[in-house]
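Residue strings, one per chain:
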Amino acid sequence: MTAAHETVDVLVVGAGLAGLHTATVLAERGHDVLLAERRPGLAGAIRTTGIFVRKTLDDFPLPEDCLGPPIRRVVLYPPSLRRPVILDSDRDEYRVGDMAPLYEAAARRAVEAGVRLALGTRYAGRRADVYTLEGPEGPTRVRARYVVGADGARSRVARDLALDRNDHLLVGGEEVFEVPAGGDPPAFHCVLDPRLAPGYLAWVVNDGRHAHVGVAGYADRFPDGLRRAVQRFGATAPGLDGVHRPAEVERRGGPIPVGGLLRRISCPRGLLVGDAAGAVSPLTAGGLDPCLRLSARAADVLDDALRAGDATALEHYDGAALRASFRGRLALRRGLAQVRTPAVAAAAFGLLRTPVGAAAARRILFGDRSFPGPG
Ligand SMILES: Cc1cc2nc3c(=O)[nH]c(=O)nc-3n(C[C@H](O)[C@H](O)[C@H](O)COP(=O)(O)OP(=O)(O)OC[C@H]3O[C@@H](n4cnc5c(N)ncnc54)[C@H](O)[C@@H]3O)c2cc1C
(Lines give C-alpha, C1' and ligand atoms only; values in the text may rest on other atoms or scores of the structure.)
Protein backbone atom coordinates (compact mmCIF):
# COMPACT_ATOMS: atom_id res chain seq x y z
CA MET A 1 0.00 0.00 0.00
CA THR A 2 1.33 3.46 -0.93
CA ALA A 3 2.10 5.74 2.05
CA ALA A 4 0.13 8.99 1.99
CA HIS A 5 1.89 12.24 2.90
CA GLU A 6 -1.31 13.97 3.91
CA THR A 7 -5.00 13.31 4.35
CA VAL A 8 -7.89 15.54 3.26
CA ASP A 9 -11.66 15.34 3.12
CA VAL A 10 -11.83 16.25 -0.55
CA LEU A 11 -9.21 16.51 -3.27
CA VAL A 12 -10.45 18.72 -6.12
CA VAL A 13 -8.48 18.36 -9.35
CA GLY A 14 -8.55 21.44 -11.60
CA ALA A 15 -8.98 25.12 -10.71
CA GLY A 16 -11.22 26.26 -13.52
CA LEU A 17 -14.51 27.80 -12.49
CA ALA A 18 -16.03 24.40 -11.65
CA GLY A 19 -13.21 23.31 -9.36
CA LEU A 20 -12.89 26.70 -7.68
CA HIS A 21 -16.61 26.86 -6.98
CA THR A 22 -16.90 23.30 -5.65
CA ALA A 23 -13.83 23.70 -3.45
CA THR A 24 -14.96 27.04 -2.04
CA VAL A 25 -18.46 25.87 -1.12
CA LEU A 26 -17.08 22.75 0.58
CA ALA A 27 -14.49 24.73 2.55
CA GLU A 28 -17.15 27.25 3.58
CA ARG A 29 -19.04 24.31 5.06
CA GLY A 30 -16.05 23.38 7.17
CA HIS A 31 -14.46 20.59 5.13
CA ASP A 32 -10.76 20.18 4.55
CA VAL A 33 -10.19 20.71 0.81
CA LEU A 34 -7.07 20.50 -1.31
CA LEU A 35 -7.37 22.02 -4.80
CA ALA A 36 -4.66 20.88 -7.23
CA GLU A 37 -4.12 22.81 -10.47
CA ARG A 38 -1.46 21.93 -13.00
CA ARG A 39 -1.05 25.51 -14.30
CA PRO A 40 1.46 27.56 -12.32
CA GLY A 41 -0.98 30.51 -12.22
CA LEU A 42 -4.63 31.04 -13.04
CA ALA A 43 -4.15 34.05 -15.32
CA GLY A 44 -2.51 32.04 -18.13
CA ALA A 45 -3.77 29.46 -20.66
CA ILE A 46 -7.39 30.61 -20.40
CA ARG A 47 -9.86 28.41 -22.28
CA THR A 48 -12.99 30.50 -22.48
CA THR A 49 -14.36 33.66 -24.04
CA GLY A 50 -16.01 34.32 -20.71
CA ILE A 51 -19.52 35.27 -21.80
CA PHE A 52 -21.78 35.05 -18.75
CA VAL A 53 -25.52 34.92 -19.33
CA ARG A 54 -28.06 36.93 -17.36
CA LYS A 55 -29.15 34.04 -15.16
CA THR A 56 -25.61 33.37 -14.00
CA LEU A 57 -25.10 37.05 -13.22
CA ASP A 58 -28.37 37.02 -11.26
CA ASP A 59 -27.60 33.87 -9.27
CA PHE A 60 -23.84 33.90 -8.62
CA PRO A 61 -21.80 36.65 -6.97
CA LEU A 62 -19.21 37.42 -9.67
CA PRO A 63 -16.97 40.40 -8.89
CA GLU A 64 -18.38 43.50 -10.61
CA ASP A 65 -14.94 44.88 -11.45
CA CYS A 66 -14.14 41.71 -13.45
CA LEU A 67 -17.13 42.05 -15.79
CA GLY A 68 -17.36 44.03 -19.01
CA PRO A 69 -20.25 46.27 -20.03
CA PRO A 70 -23.67 44.62 -20.52
CA ILE A 71 -24.57 43.35 -23.99
CA ARG A 72 -28.14 43.48 -25.27
CA ARG A 73 -27.62 42.97 -29.00
CA VAL A 74 -26.98 39.77 -30.95
CA VAL A 75 -26.38 39.96 -34.70
CA LEU A 76 -26.68 36.73 -36.72
CA TYR A 77 -25.03 36.48 -40.16
CA PRO A 78 -25.32 34.02 -43.05
CA PRO A 79 -22.12 32.99 -44.88
CA SER A 80 -22.45 35.99 -47.24
CA LEU A 81 -22.50 38.32 -44.20
CA ARG A 82 -25.29 40.17 -46.02
CA ARG A 83 -28.65 41.12 -44.48
CA PRO A 84 -27.87 40.02 -40.92
CA VAL A 85 -30.67 39.42 -38.43
CA ILE A 86 -30.41 41.83 -35.51
CA LEU A 87 -31.92 40.75 -32.19
CA ASP A 88 -32.16 43.37 -29.46
CA SER A 89 -33.24 42.58 -25.92
CA ASP A 90 -34.76 45.07 -23.52
CA ARG A 91 -32.65 43.52 -20.74
CA ASP A 92 -28.91 43.19 -20.17
CA GLU A 93 -28.30 39.67 -21.49
CA TYR A 94 -24.56 39.06 -21.37
CA ARG A 95 -21.38 40.32 -19.81
CA VAL A 96 -17.90 39.18 -20.74
CA GLY A 97 -15.68 38.29 -17.82
CA ASP A 98 -12.19 39.68 -17.58
CA MET A 99 -11.14 36.13 -16.95
CA ALA A 100 -7.60 36.41 -15.58
CA PRO A 101 -8.59 38.67 -12.65
CA LEU A 102 -11.88 36.81 -12.32
CA TYR A 103 -10.13 33.44 -11.79
CA GLU A 104 -7.65 35.10 -9.43
CA ALA A 105 -10.48 36.66 -7.40
CA ALA A 106 -12.20 33.27 -7.22
CA ALA A 107 -8.94 31.71 -6.02
CA ARG A 108 -8.55 34.35 -3.30
CA ARG A 109 -12.10 33.63 -2.16
CA ALA A 110 -11.33 29.91 -2.09
CA VAL A 111 -8.19 30.42 0.01
CA GLU A 112 -10.05 32.77 2.38
CA ALA A 113 -12.64 30.02 2.83
CA GLY A 114 -9.85 27.65 3.85
CA VAL A 115 -9.08 25.81 0.59
CA ARG A 116 -5.45 24.78 0.22
CA LEU A 117 -4.61 25.70 -3.35
CA ALA A 118 -1.67 23.86 -4.89
CA LEU A 119 -0.65 25.53 -8.16
CA GLY A 120 1.77 23.94 -10.60
CA THR A 121 0.54 20.61 -9.26
CA ARG A 122 -0.67 17.89 -11.60
CA TYR A 123 -2.87 14.99 -10.66
CA ALA A 124 -1.08 11.90 -11.94
CA GLY A 125 -3.10 8.89 -10.84
CA ARG A 126 -4.62 6.97 -7.98
CA ARG A 127 -4.41 3.76 -6.04
CA ALA A 128 -7.55 3.12 -3.96
CA ASP A 129 -8.10 6.35 -1.98
CA VAL A 130 -4.51 7.58 -2.36
CA TYR A 131 -3.87 10.06 -5.16
CA THR A 132 -0.53 11.03 -6.66
CA LEU A 133 0.17 14.70 -7.26
CA GLU A 134 3.26 16.00 -9.02
CA GLY A 135 4.13 19.47 -7.82
CA PRO A 136 7.10 21.85 -7.83
CA GLU A 137 8.73 19.83 -5.03
CA GLY A 138 8.21 16.47 -6.69
CA PRO A 139 5.51 13.83 -6.24
CA THR A 140 3.32 13.68 -3.15
CA ARG A 141 0.60 11.25 -2.16
CA VAL A 142 -2.68 12.41 -0.73
CA ARG A 143 -5.31 10.28 0.94
CA ALA A 144 -8.74 11.77 0.24
CA ARG A 145 -12.17 10.67 1.37
CA TYR A 146 -13.52 11.93 -1.98
CA VAL A 147 -12.02 13.20 -5.21
CA VAL A 148 -13.65 15.73 -7.54
CA GLY A 149 -12.73 15.65 -11.22
CA ALA A 150 -12.87 19.29 -12.29
CA ASP A 151 -10.09 18.71 -14.75
CA GLY A 152 -11.82 19.67 -17.96
CA ALA A 153 -13.20 17.99 -21.06
CA ARG A 154 -10.51 15.29 -21.22
CA SER A 155 -10.67 14.37 -17.57
CA ARG A 156 -8.03 12.02 -16.23
CA VAL A 157 -10.00 11.69 -13.00
CA ALA A 158 -13.02 10.41 -14.97
CA ARG A 159 -10.82 7.77 -16.52
CA ASP A 160 -9.25 6.71 -13.23
CA LEU A 161 -12.64 6.45 -11.49
CA ALA A 162 -14.03 4.51 -14.49
CA LEU A 163 -16.75 7.13 -14.95
CA ASP A 164 -18.16 8.27 -18.28
CA ARG A 165 -15.96 10.39 -20.54
CA ASN A 166 -16.70 12.98 -23.20
CA ASP A 167 -16.54 11.62 -26.72
CA HIS A 168 -18.44 14.33 -28.61
CA LEU A 169 -16.22 17.40 -28.71
CA LEU A 170 -15.85 20.61 -30.63
CA VAL A 171 -12.64 22.61 -30.56
CA GLY A 172 -12.73 26.37 -30.24
CA GLY A 173 -10.11 29.09 -30.53
CA GLU A 174 -10.10 32.86 -30.40
CA GLU A 175 -7.97 35.97 -30.35
CA VAL A 176 -8.58 38.62 -27.70
CA PHE A 177 -7.43 42.22 -27.81
CA GLU A 178 -8.34 45.59 -26.36
CA VAL A 179 -10.51 47.97 -28.37
CA PRO A 180 -10.84 51.71 -28.00
CA ALA A 181 -13.88 52.95 -26.09
CA GLY A 182 -16.63 54.89 -27.81
CA GLY A 183 -17.30 52.59 -30.78
CA ASP A 184 -20.54 50.78 -31.66
CA PRO A 185 -22.80 49.57 -28.81
CA PRO A 186 -21.63 46.29 -27.23
CA ALA A 187 -22.73 43.38 -29.40
CA PHE A 188 -22.32 39.66 -29.93
CA HIS A 189 -21.91 38.81 -33.64
CA CYS A 190 -22.39 35.20 -34.77
CA VAL A 191 -21.65 33.89 -38.25
CA LEU A 192 -23.11 30.61 -39.49
CA ASP A 193 -20.57 29.44 -42.06
CA PRO A 194 -19.35 25.83 -42.14
CA ARG A 195 -16.21 26.84 -44.09
CA LEU A 196 -15.07 28.85 -41.07
CA ALA A 197 -16.74 27.04 -38.19
CA PRO A 198 -17.78 23.50 -39.27
CA GLY A 199 -20.69 22.41 -37.07
CA TYR A 200 -20.83 25.52 -34.92
CA LEU A 201 -20.35 29.29 -35.23
CA ALA A 202 -17.76 31.97 -35.74
CA TRP A 203 -18.11 34.91 -33.36
CA VAL A 204 -17.03 38.42 -32.56
CA VAL A 205 -17.85 39.76 -29.14
CA ASN A 206 -17.06 43.44 -28.93
CA ASP A 207 -18.16 45.01 -25.66
CA GLY A 208 -16.30 48.26 -26.18
CA ARG A 209 -13.35 47.12 -24.02
CA HIS A 210 -12.19 43.92 -25.62
CA ALA A 211 -12.85 42.12 -28.88
CA HIS A 212 -12.96 38.34 -28.97
CA VAL A 213 -12.69 36.93 -32.49
CA GLY A 214 -13.18 33.18 -32.57
CA VAL A 215 -14.40 30.05 -34.27
CA ALA A 216 -15.39 26.60 -33.07
CA GLY A 217 -16.30 23.42 -34.85
CA TYR A 218 -15.50 19.74 -35.35
CA ALA A 219 -11.72 19.33 -35.34
CA ASP A 220 -11.63 16.98 -38.32
CA ARG A 221 -13.69 19.31 -40.51
CA PHE A 222 -11.45 22.41 -40.47
CA PRO A 223 -9.86 22.42 -43.92
CA ASP A 224 -6.63 24.03 -42.72
CA GLY A 225 -6.77 23.78 -38.95
CA LEU A 226 -8.32 25.80 -36.15
CA ARG A 227 -5.69 28.53 -35.91
CA ARG A 228 -5.83 29.25 -39.63
CA ALA A 229 -9.65 29.35 -39.45
CA VAL A 230 -9.42 32.01 -36.71
CA GLN A 231 -7.05 34.03 -38.92
CA ARG A 232 -9.27 33.68 -41.99
CA PHE A 233 -12.30 34.75 -40.01
CA GLY A 234 -10.40 37.69 -38.50
CA ALA A 235 -9.73 39.06 -41.99
CA THR A 236 -13.44 39.60 -42.73
CA ALA A 237 -15.09 39.40 -39.32
CA PRO A 238 -18.04 41.71 -38.74
CA GLY A 239 -18.45 43.97 -35.71
CA LEU A 240 -14.94 45.40 -35.85
CA ASP A 241 -15.49 48.64 -37.76
CA GLY A 242 -12.81 51.13 -36.84
CA VAL A 243 -11.03 48.55 -34.68
CA HIS A 244 -7.35 47.91 -35.28
CA ARG A 245 -6.10 44.39 -34.48
CA PRO A 246 -2.76 44.75 -32.71
CA ALA A 247 0.19 42.58 -33.73
CA GLU A 248 0.22 40.91 -30.29
CA VAL A 249 -3.04 39.28 -29.26
CA GLU A 250 -4.00 36.85 -26.51
CA ARG A 251 -4.88 33.43 -27.91
CA ARG A 252 -7.31 31.12 -26.19
CA GLY A 253 -8.60 27.72 -27.14
CA GLY A 254 -9.62 24.28 -26.09
CA PRO A 255 -12.04 21.40 -26.46
CA ILE A 256 -15.77 21.89 -25.82
CA PRO A 257 -17.84 18.82 -24.89
CA VAL A 258 -21.21 19.03 -26.63
CA GLY A 259 -22.61 15.51 -26.15
CA GLY A 260 -24.69 16.58 -23.16
CA LEU A 261 -24.23 15.77 -19.50
CA LEU A 262 -22.58 12.38 -19.05
CA ARG A 263 -24.65 9.66 -17.44
CA ARG A 264 -22.24 8.19 -14.90
CA ILE A 265 -20.66 11.13 -13.10
CA SER A 266 -20.32 9.74 -9.60
CA CYS A 267 -19.17 6.65 -7.74
CA PRO A 268 -18.41 5.98 -4.06
CA ARG A 269 -14.94 7.53 -4.45
CA GLY A 270 -15.98 10.85 -5.97
CA LEU A 271 -17.63 12.74 -8.78
CA LEU A 272 -17.17 14.96 -11.82
CA VAL A 273 -18.11 18.63 -12.34
CA GLY A 274 -17.95 21.15 -15.19
CA ASP A 275 -16.56 20.09 -18.55
CA ALA A 276 -15.35 16.81 -17.04
CA ALA A 277 -19.03 15.93 -16.50
CA GLY A 278 -20.04 17.21 -19.95
CA ALA A 279 -21.99 20.05 -18.32
CA VAL A 280 -22.11 22.25 -21.41
CA SER A 281 -25.10 23.24 -23.51
CA PRO A 282 -24.86 21.07 -26.64
CA LEU A 283 -26.38 23.86 -28.71
CA THR A 284 -24.78 27.10 -27.54
CA ALA A 285 -21.59 25.45 -26.19
CA GLY A 286 -21.99 27.63 -23.09
CA GLY A 287 -20.44 25.92 -20.09
CA LEU A 288 -19.93 28.62 -17.48
CA ASP A 289 -23.48 28.63 -16.16
CA PRO A 290 -23.82 24.80 -16.12
CA CYS A 291 -20.45 24.37 -14.46
CA LEU A 292 -21.38 26.71 -11.61
CA ARG A 293 -24.79 25.11 -11.11
CA LEU A 294 -23.55 21.55 -11.24
CA SER A 295 -20.70 22.43 -8.88
CA ALA A 296 -23.19 23.80 -6.33
CA ARG A 297 -25.10 20.53 -6.57
CA ALA A 298 -21.90 18.49 -6.26
CA ALA A 299 -20.87 20.41 -3.14
CA ASP A 300 -24.27 19.69 -1.55
CA VAL A 301 -23.94 15.98 -2.24
CA LEU A 302 -20.37 15.79 -0.93
CA ASP A 303 -21.31 17.79 2.15
CA ASP A 304 -24.12 15.30 2.85
CA ALA A 305 -21.79 12.35 2.33
CA LEU A 306 -19.06 13.77 4.58
CA ARG A 307 -21.56 14.54 7.34
CA ALA A 308 -23.22 11.14 7.09
CA GLY A 309 -19.88 9.37 7.02
CA ASP A 310 -20.82 7.26 4.02
CA ALA A 311 -21.07 7.68 0.26
CA THR A 312 -24.78 6.95 -0.20
CA ALA A 313 -25.51 10.62 -1.00
CA LEU A 314 -23.33 10.40 -4.10
CA GLU A 315 -25.87 8.06 -5.67
CA HIS A 316 -28.16 11.09 -5.99
CA TYR A 317 -25.62 12.82 -8.20
CA ASP A 318 -26.96 11.10 -11.26
CA GLY A 319 -26.12 12.39 -14.74
CA ALA A 320 -28.63 10.08 -16.41
CA ALA A 321 -31.52 11.74 -14.54
CA LEU A 322 -30.25 15.30 -15.04
CA ARG A 323 -29.49 14.69 -18.69
CA ALA A 324 -33.16 14.77 -19.66
CA SER A 325 -33.14 18.57 -19.76
CA PHE A 326 -30.49 18.44 -22.50
CA ARG A 327 -32.73 16.52 -24.89
CA GLY A 328 -34.03 19.46 -26.97
CA ARG A 329 -30.62 21.04 -27.22
CA LEU A 330 -29.05 17.74 -28.25
CA ALA A 331 -31.53 17.50 -31.12
CA LEU A 332 -30.66 21.04 -32.22
CA ARG A 333 -26.95 20.20 -31.97
CA ARG A 334 -27.49 17.28 -34.34
CA GLY A 335 -29.18 19.76 -36.71
CA LEU A 336 -26.30 22.23 -36.50
CA ALA A 337 -23.80 19.43 -37.12
CA GLN A 338 -25.54 18.71 -40.43
CA VAL A 339 -24.88 22.22 -41.77
CA ARG A 340 -21.96 21.27 -43.98
CA THR A 341 -22.14 23.68 -46.92
CA PRO A 342 -22.68 27.45 -47.26
CA ALA A 343 -25.85 26.73 -49.27
CA VAL A 344 -27.36 24.71 -46.41
CA ALA A 345 -26.26 27.41 -43.96
CA ALA A 346 -27.94 30.09 -46.10
CA ALA A 347 -31.13 28.01 -46.32
CA ALA A 348 -31.14 27.39 -42.55
CA PHE A 349 -30.57 31.06 -42.07
CA GLY A 350 -33.71 31.77 -44.09
CA LEU A 351 -35.69 30.30 -41.17
CA LEU A 352 -34.29 32.98 -38.88
CA ARG A 353 -35.87 35.62 -41.08
CA THR A 354 -39.33 34.21 -40.41
CA PRO A 355 -41.21 35.37 -37.28
CA VAL A 356 -41.21 31.79 -35.92
CA GLY A 357 -37.48 31.39 -36.52
CA ALA A 358 -36.63 34.75 -34.97
CA ALA A 359 -38.80 33.96 -31.93
CA ALA A 360 -37.00 30.61 -31.49
CA ALA A 361 -33.61 32.33 -31.74
CA ARG A 362 -34.69 34.89 -29.14
CA ARG A 363 -35.77 32.07 -26.82
CA ILE A 364 -32.41 30.37 -27.14
CA LEU A 365 -30.33 33.53 -26.88
CA PHE A 366 -32.36 35.57 -24.39
CA GLY A 367 -34.28 32.83 -22.57
CA ASP A 368 -34.41 32.17 -18.85
CA ARG A 369 -33.58 28.49 -19.00
CA SER A 370 -30.40 27.19 -17.52
CA PHE A 371 -29.08 23.84 -16.46
CA PRO A 372 -29.43 22.12 -14.08
CA GLY A 373 -32.39 24.11 -12.83
CA PRO A 374 -32.93 24.86 -9.17
CA GLY A 375 -33.64 21.91 -6.92
C1 LIG B 1 -12.70 28.82 -26.89
C2 LIG B 1 -13.81 28.59 -25.89
C3 LIG B 1 -14.70 29.61 -25.63
C4 LIG B 1 -15.72 29.41 -24.70
N5 LIG B 1 -16.56 30.46 -24.42
C6 LIG B 1 -17.54 30.30 -23.51
C7 LIG B 1 -18.35 31.40 -23.16
O8 LIG B 1 -18.15 32.53 -23.62
N9 LIG B 1 -19.37 31.20 -22.28
C10 LIG B 1 -19.61 29.97 -21.73
O11 LIG B 1 -20.57 29.84 -20.95
N12 LIG B 1 -18.82 28.91 -22.03
C13 LIG B 1 -17.79 29.06 -22.88
N14 LIG B 1 -16.96 28.01 -23.15
C15 LIG B 1 -17.11 26.78 -22.35
C16 LIG B 1 -16.62 27.08 -20.91
O17 LIG B 1 -15.49 27.88 -20.94
C18 LIG B 1 -16.31 25.80 -20.14
O19 LIG B 1 -17.45 24.97 -20.21
C20 LIG B 1 -15.95 26.09 -18.69
O21 LIG B 1 -14.93 27.05 -18.59
C22 LIG B 1 -15.53 24.79 -18.03
O23 LIG B 1 -14.97 25.04 -16.76
P24 LIG B 1 -14.25 23.84 -16.02
O25 LIG B 1 -13.80 24.41 -14.71
O26 LIG B 1 -15.08 22.63 -16.03
O27 LIG B 1 -12.99 23.48 -16.93
P28 LIG B 1 -11.66 24.27 -17.23
O29 LIG B 1 -11.85 25.74 -17.15
O30 LIG B 1 -11.11 23.68 -18.49
O31 LIG B 1 -10.72 23.88 -16.01
C32 LIG B 1 -10.11 22.63 -15.91
C33 LIG B 1 -8.83 22.84 -15.13
O34 LIG B 1 -8.25 21.60 -14.81
C35 LIG B 1 -6.86 21.71 -14.92
N36 LIG B 1 -6.34 20.36 -15.11
C37 LIG B 1 -6.57 19.52 -16.15
N38 LIG B 1 -5.94 18.34 -15.93
C39 LIG B 1 -5.31 18.45 -14.72
C40 LIG B 1 -4.51 17.55 -13.95
N41 LIG B 1 -4.19 16.30 -14.37
N42 LIG B 1 -4.03 17.99 -12.76
C43 LIG B 1 -4.33 19.25 -12.30
N44 LIG B 1 -5.07 20.14 -13.00
C45 LIG B 1 -5.57 19.73 -14.19
C46 LIG B 1 -6.68 22.62 -16.13
O47 LIG B 1 -5.40 23.23 -16.15
C48 LIG B 1 -7.78 23.63 -15.92
O49 LIG B 1 -7.37 24.73 -15.15
C50 LIG B 1 -15.88 28.16 -24.05
C51 LIG B 1 -14.98 27.13 -24.32
C52 LIG B 1 -13.93 27.34 -25.22
C53 LIG B 1 -12.96 26.24 -25.48
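Anyway, here's the lowdown on the structure attached to this text. (Residues numbered from 1 in each chain as written. Predicted model: local features only at pLDDT ≥ 70, side-chain atom pairs only at ≥ 80, totals over all residues.)

Looking at the sheet that holds strand 14 (residues 210-217)
Reasoning step 1: Judged by pairing direction, the sheet is mixed, and its seven strands sit side by side in the order 5-4-12-13-14-11-15 without closing on themselves. Whereas interior strands pair on both sides, the edge strands pair on one side only; in this sheet they are strand 5 (85-88) and strand 15 (250-257). Taken over all neighbouring pairs, the strand axes of this sheet differ in orientation by 15 degrees on average, direction set aside.
Reasoning step 2: Of the strand pairs in this sheet, strand 12 (residues 187-191) and strand 13 (residues 202-206) are connected by five bridges, and their pairing is antiparallel. (Pairing = 2+ DSSP bridges. Helix = DSSP H or I, 4+ residues; strand = E, 2+ residues; numbered from the N terminus. Axes fitted to C-alpha atoms, helices over the stretch in contact; angles between N-to-C directions.)

Some points on the site of the ligand
Reasoning step 1: Not every one of the 39 residues close to the ligand is listed here, only the nearest: G14, G16, T48, G274 and G287.
Reasoning step 2: Looking at the shell around the ligand, the elements that each hand over two or more residues are helix 1 (17-28), strand 8 (122-127), strand 11 (169-178), strand 15 and helix 6 (288-308).
Reasoning step 3: Of all the elements, strand 15 adds the most residues to the shell around the ligand, at four residues.
Reasoning step 4: Of the residues belonging to the shell around the ligand, the class tally is 13 nonpolar, 15 polar and eleven charged. (Near = placed C-beta within 6 Å. Nonpolar A, V, L, I, M, F, W, Y, C, P; charged D, E, K, R; others polar.)

What to know about the pairing of strand 14
Reasoning step 1: Counting buried positions over the eight residues of strand 14 gives seven, a clear majority of the element.
Reasoning step 2: Counting the residues in the hairpin turn of strand 13 and strand 14 gives three residues, including G208, whose phi is positive at 85 degrees. (Buried ≥ 20, exposed ≤ 12 C-beta atoms within 10 Å, placed from the backbone.)

Regarding helix 6
Reasoning step 1: Over its 21 residues, helix 6 extends 30 Å from the first C-alpha to the last, a length consistent with the 30 Å expected when each residue adds 1.5 Å.
Reasoning step 2: Two residues or fewer after helix 6 comes G309, characterised by a positive phi angle close to 80 degrees. (Expected span 1.5 Å × (residues − 1).)

Quick look at the packing of helix 1 against helix 3 (residues 99-113)
Reasoning step 1: The contact between helix 1 and helix 3 brings their axes to 8 Å, and the two run at 25 degrees. With respect to helix 3, the axis of helix 1 lies roughly parallel. As for how helix 1 packs across helix 3, the hand of that crossing is left-handed. On helix 3, the residues touching L17, L20, A23, T24, A27 and E28 of helix 1 are A106, A107, R109, A110 and A113.
Reasoning step 2: Here the residues of the contact of helix 1 with helix 3 sort into eight nonpolar, one polar and two charged. (Parallel < 35°, antiparallel > 145°, perpendicular 65-115°, else oblique. Left-handed = near helix turned anticlockwise from the far one by under 90°. Contact = placed C-beta atoms within 7 Å.)

Some words on the environment of T24
Reasoning step 1: By the element assignment, T24 lies in helix 1.
Reasoning step 2: Taking the C-beta count within 10 Å as the criterion, T24 has 24 such neighbours and is therefore assigned buried.
Reasoning step 3: Taking the C-alpha atoms as reference, T24 lies 13 Å from V148; in sequence the two are 124 residues apart.
Reasoning step 4: Discounting chain neighbours no more than four positions away, the residues touching T24 are R109, A110, A113 and V115.

Some thoughts on unusual backbone geometry
Reasoning step 1: The backbone of L81 sits at a positive phi, close to 65 degrees, despite the residue not being glycine.
Reasoning step 2: As for its position among the elements, L81 is in the loop between strand 4 (73-77) and strand 5.
Reasoning step 3: Even without glycine at this site, A162 takes up a positive phi of about 55 degrees.
Reasoning step 4: Inspection of the secondary structure puts A162 in the loop between helix 4 (156-160) and strand 11.

Quick word on the packing of helix 1 against helix 6
Reasoning step 1: Contact pair helix 1 / helix 6: the axes reach a minimum separation of 8 Å and the direction vectors enclose 30 degrees. Of the two possible hands of crossing, helix 1 and helix 6 adopt the one that is right-handed. Where helix 1 abuts helix 6, its residues L17, A18, H21, T22, V25 and L26 lie against L288, C291, L292, S295, A296, A298, A299, L302 and D303.
Reasoning step 2: Classifying every residue of the contact of helix 1 with helix 6 gives eleven nonpolar, three polar and one charged.

With respect to the environment of V148
Reasoning step 1: In this structure, V148 sits in strand 10 (residues 138-149).
Reasoning step 2: On the basis of neighbour count, V148 is assigned to the buried category, with 30 C-beta atoms found within 10 Å.
Reasoning step 3: Sequence separation between V148 and A45 is 103 residues, and the spatial gap between their C-alpha atoms is 21 Å.
Reasoning step 4: Setting aside residues up to four positions removed in sequence, V148 forms contacts with V10, V12, V13, G19, T22, G270, L271, V273 and A298.

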